[in-house]
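For reference, the chains in residue letters:
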Amino acid sequence: MTTSSSIDLRVGDETDVRLPGLGAAGYRWEQQEPTEPDVVDVARATGPAAADAQSGDAPGSSRDESFVIRAIGPGQATVRLLQRRPWEGPENVLNEHVLHVRVTER
């Protein structure tokens, strides 16, 4: 299943994108390189935001996964996040989230 969303950011801003996890079934979200790497940077979230997603989980449940989108230059970029099992081939994607990002000057 493919979902999409759009966001507007200013250079220097960042936003957190949280996606539903299926880690208990072996699925992980992974990032593809943005279409314009000089416009946005994408990184898996770590630290307090990621820890919040893990607190209070019942045994055997799946945690949401988060990515940080950071605006580094003006322009437009598309970010693809794919949910798949790492050991299966790249064509075996369960879910895809496409994020259209528009970055403007401050």
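The coordinates are above.
This section reports on the structure supplied with the text. (Residues numbered from 1 in each chain as written. Predicted model: local features only at pLDDT ≥ 70, side-chain atom pairs only at ≥ 80, totals over all residues. Heavy atoms only, no water.)

1. Overview of the nonpolar core
Val-40, Ile-69, Val-79, Leu-81, Val-101 and Val-103 are the most contacted members of the largest nonpolar core, which totals 17 residues. Listing elements by their share of this core, those giving two or more residues are strand 2 (14-19), strand 4 (40-44), strand 5 (65-71), strand 6 (75-84) and strand 7 (93-104). Discounting chain neighbours no more than four positions away, the residues touching Ile-69 are Leu-9, Asp-13, Glu-14, Thr-15, Val-17, Val-40, Asp-41, Val-42, Val-79, Leu-99 and Val-101. (Core = buried A, V, L, I, M, F, W, Y, C linked by side-chain atoms within 4.5 Å. Buried < 20%, exposed > 50% of the residue type's maximum accessible area, 1.4 Å probe, protein only. Helix = DSSP H or I, 4+ residues; strand = E, 2+ residues; numbered from the N terminus. Contact = heavy atoms within 4.5 Å.)

2. A few points about the sheet that holds strand 5
Across the sheet, which stays open at both edges, the three strands sit in the order 2-5-4 with antiparallel pairing between neighbours. In the strand order of this sheet, the two ends are held by strand 2 and strand 4, each with one partner. Adjacent strand axes in the sheet meet at a mean angle of 25 degrees when their direction is disregarded. Relative to strand 5, strand 2 runs antiparallel, the two being bridged by six bridges. (Pairing = 2+ DSSP bridges. Axes fitted to C-alpha atoms, helices over the stretch in contact; angles between N-to-C directions.)

3. What to know about the sheet that holds strand 3 (residues 28-31)
Strand order in the open sheet formed by four strands is 1-7-6-3, and the pairing between neighbours is mixed. Looking at which strands have only one partner, the edges of the open sheet turn out to be strand 1 (2-10) and strand 3. Neighbour to neighbour, the strand axes of the sheet diverge by 25 degrees on average, direction disregarded. Pairing analysis gives nine bridges linking strand 1 to strand 7, with the strands arranged parallel. Within strand 7, the position partnered with Ser-5 by the bridge is Leu-99.

4. Some details on the pairing of strand 5
Within a regular strand, the side chains alternate between the two sheet faces. Buried residues dominate strand 5, accounting for six of its seven residues. Here strand 4 runs beside strand 5; their pairing, made up of five bridges, is antiparallel. Opposite Asp-41, over in strand 5, you have Arg-70 as the bridge partner.

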